[in-house]
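An overview of the molecular structure
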Amino acid sequence: MTADMEIPAPRRTRIQQEKRELILEAALEVFSTSGFRGSTIDQIAEAAGMSKPNLLYYFRRKEDIHETLMQRLLDTWLAPLRELDDIGDPLTELRSYIRRKLEMARDFPRESRLFANEILQGAPRIMPMLEGELKTLVDEKAAVIKGWMRAGKIASTDPWHLIFSIWATTQHYADFDVQVRAVLGPDRGGDGRFEDAARFLEQLFIDGLKPKI
């Protein structure tokens, strides 16, 4: 073996992987509640039910835990956009995208708050992800949407701002869920609020994107 060859990292045992997942789950709860700056290794260790030295065996710094969570979050968040298919029916594809984003708002509210907290602080720890992986994917899908517009399959508009608007309206139901439930009240603020939101947003976006005859 030559001196410049990389030695592959040893595979984690099942117990090591379970411990890492336990730490990440605890960190998600702490970060989504207190933000990065307001969170400490001690808080994460307490939430994970382990000692601080034990936690530091798996993650050396708070930044390492946060970076791992943010990379996972970005992968999860971008999955529905990656699935936007250029050969599919445009309105069907966009309707499915809106639905998937609302499902994620329902199922991953802590992850959404974690991401929102990072953005509100100026994205100091994830800017390379935003300027790299995120921008590349959004530009790629904006080109797909532009192609649909040129083909007359949907109304002409700015594809980047269309994507931003879908993000804003769907993630609202995660980031401002307390407000949504308070305003809707007990009769309308139950689990059915996500289906109500889906029907409204489909009407808002899909009707607006139908080609003008």
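Residues numbered from 1 in each chain as written. Predicted model: local features only at pLDDT ≥ 70, side-chain atom pairs only at ≥ 80, totals over all residues. Heavy atoms only, no water.

Some points on the overall build of the protein chain
Worth spelling out the cut-off: Segments assigned H or I by DSSP are reported as helices when at least four residues long, segments assigned E as strands when at least two residues long, and all are numbered from the N terminus. Buried means the residue's accessible area, taken with a 1.4 Å probe over protein chains only, is under 20% of the maximum for its type, while exposed means over 50%, and partly exposed covers the values in between.
Along its length, the protein chain carries ten helices and zero strands. Beginning at the N terminus, the succession of helices and strands in the protein chain can be written as α-α-α-α-α-α-α-α-α-α. Counting only C-alpha atoms, the protein chain reaches 65 × 55 × 30 Å along its principal axes. A buried classification covers 41% of the 213 residues belonging to the protein chain.

A short note on the packing of helix α1 (residues 14-34) against helix α2 (residues 41-48)
Selection rule: The axes used here are C-alpha line fits, helices contributing only the stretch in contact, and every angle between their N-to-C directions lies in the interval 0 to 180 degrees. Our angle categories are set so that under 35 degrees counts as roughly parallel, over 145 as roughly antiparallel, 65 to 115 as roughly perpendicular, and the remainder as oblique. Two helices cross in a left-handed way if the nearer one is turned anticlockwise from the farther one by less than a right angle. They cross in a right-handed way if the turn is clockwise. Note on contacts: a residue pair is in contact if any heavy atoms of the two residues lie within 4.5 Å.
Across the interface, α1 lies against α2 with an axial gap of 8 Å and an inter-helix angle of 120 degrees. It follows from the interaxial angle that α1 and α2 lie oblique. As α1 packs across α2, the resulting crossing turns out to be right-handed. Here Leu22, Ile23, Ala26, Ala27, Val30 and Phe31 of α1 lie close against α2, whose contacting residues are Gln43, Ile44, Ala47 and Ala48.

Let's talk about the domain arrangement of the protein chain
Definition in use: A domain assignment, automatic or from a database, supplies the domain bounds used here. Defined in terms of a 1.4 Å probe, buried area is the accessible area two parts forfeit on being brought together, summed over both. We define a salt bridge as a contact between a side-chain nitrogen of Lys or Arg and a carboxyl oxygen of Asp or Glu at a distance within 4 Å. Pairs of N or O atoms are called polar contacts if they sit within 3.5 Å, as long as, within protein, a hydrogen donor faces a hydrogen acceptor (for residues adjacent in sequence, only side-chain-to-side-chain pairs).
The assigned domain composition of the protein chain is domain 1 (1-72) and domain 2 (84-213). Placing a centre on the C-alpha atoms of domain 1 and another on those of domain 2 gives a separation of 30 Å. For the pair domain 1 and domain 2, the summed buried area comes to about 1200 Å², and 60% of that belongs to carbon and sulfur atoms. When the buried surface of domain 1 facing domain 2 is broken down by residue, Leu28, Ser32 and Met70 rank first, second and third, together holding 43% of it. Along the contact surface separating domain 1 from domain 2 lie two salt bridges. Residue arginine 110 pairs with glutamate 29 through a salt bridge whose shortest N-O separation is 3.0 Å. Viewed at the interface, domain 2 and domain 1 are joined by three residue pairs in polar contact (both at pLDDT 80 or more). Those elements that place two or more of their residues in the side of domain 1 that touches domain 2 are α1 and α4 (62-82).

Looking at the packing of aromatic side chains
In plain terms, the rule: Only Phe, Tyr and Trp rings take part, Trp by its six-membered ring, and two of them pair if their centres are within 6.5 Å. Stacked means planes under 30 degrees apart, edge-to-face means over 60, and tilted covers everything else. Should the NZ of a Lys or the CZ of an Arg lie within 6 Å of a ring centre and within 35 degrees of the ring normal, that charge is described as sitting over the ring.
Summed over the entire model, instances satisfying the criterion amount to three aromatic pairs. Between tyrosine 57 and tyrosine 58 the ring centres are 4.9 Å apart and the planes differ by 90 degrees, which places this aromatic pair in the edge-to-face class. You can call tyrosine 57 exposed: its relative accessible area is 56%. Measuring from centroid to centroid gives 5.7 Å for phenylalanine 164 and tryptophan 167, while their planes differ by 50 degrees, and the two rings are tilted. Of this pair, phenylalanine 164 and tryptophan 167 both sit in helix α8 (residues 159-175), three residues apart, which is roughly one turn of that helix. The residue whose ring lies beneath lysine 62 is phenylalanine 36, and the NZ or CZ to ring-centre distance is 4.2 Å. In this structure, arginine 125 packs its charged tip against the face of phenylalanine 36, placed 3.9 Å from the ring centre.

Section: helix α10 (residues 193-209)
Basically, it comes down to this: A helix is expected to span 1.5 Å multiplied by its residue count minus one. Think of it as the arc spanned by the lines of direction from the helix axis to the C-beta atoms.
Between its first and last C-alpha atoms α10 spans 24 Å; for 17 residues at 1.5 Å apiece the expected length is 24 Å, and the two agree. Of all the residues in α10, the buried ones are Arg193, Phe194, Ala197, Ala198, Leu201, Glu202, Phe205, Ile206 and Leu209. Down the axis of α10, the smallest arc covering the buried residues is 160 degrees, so these residues share one side. At its buried positions, α10 is contacted by α5 (90-107), α8 and α9 (177-188).

Topic: the UniProt feature "DNA-binding region" (unreviewed entry) in the protein chain
Note the following rule: UniProt positions are given in the numbering used here, feature names are shortened, and annotations may be inferred rather than shown by experiment.
When the UniProt feature table is mapped to this numbering, "DNA-binding region" (unreviewed entry) covers residues 40-59. End-to-end, the C-alpha atoms of residues 40-59 are 13 Å apart, and along that stretch the chain is 75% helix and 0% strand.

Section: the UniProt feature "domain: HTH tetR-type" (unreviewed entry) in the protein chain
Using the residue numbers shown here, the UniProt feature "domain: HTH tetR-type" (unreviewed entry) corresponds to residues 17-77. Between the first and last C-alpha atoms of residues 17-77 the distance is 23 Å; the span itself is 80% helix and 0% strand.

Some thoughts on the side chain of lysine 62
Our working definition: Charged residues are defined narrowly, with Lys and Arg counted positive, Asp and Glu counted negative, and His plus the chain ends left uncounted.
With respect to the secondary-structure elements, lysine 62 resides in helix α4. Among buried Asp, Glu, Lys and Arg side chains, lysine 62 stands out as unpaired, with glutamate 63 the closest opposite charge at 5.8 Å. If sequence neighbours within four positions are ignored, lysine 62 has contacts with Phe31, Phe36, Arg37, Ser39, Thr40 and Ile41.

Brief notes about helix α7 (residues 127-150)
Short version of the rule: To get the bend at any residue, fit one axis to the seven residues that end at it and another to the seven that begin at it, then take the angle between the two axes.
Between its terminal C-alpha atoms α7 stretches 32 Å, which fits the 34 Å expected from 24 residues at 1.5 Å a residue. Along its length, α7 shows its largest kink, about 40 degrees, at lysine 135. Every buried residue of α7 is accounted for by Met129, Leu130, Leu134, Leu137, Val138, Lys141, Ala142, Val144, Ile145, Trp148 and Met149. Taken together, the buried residues of α7 touch α4, α5, α6 (109-120) and α8. In the segment just after α7, glycine 152 is the residue with positive phi, at about 75 degrees.

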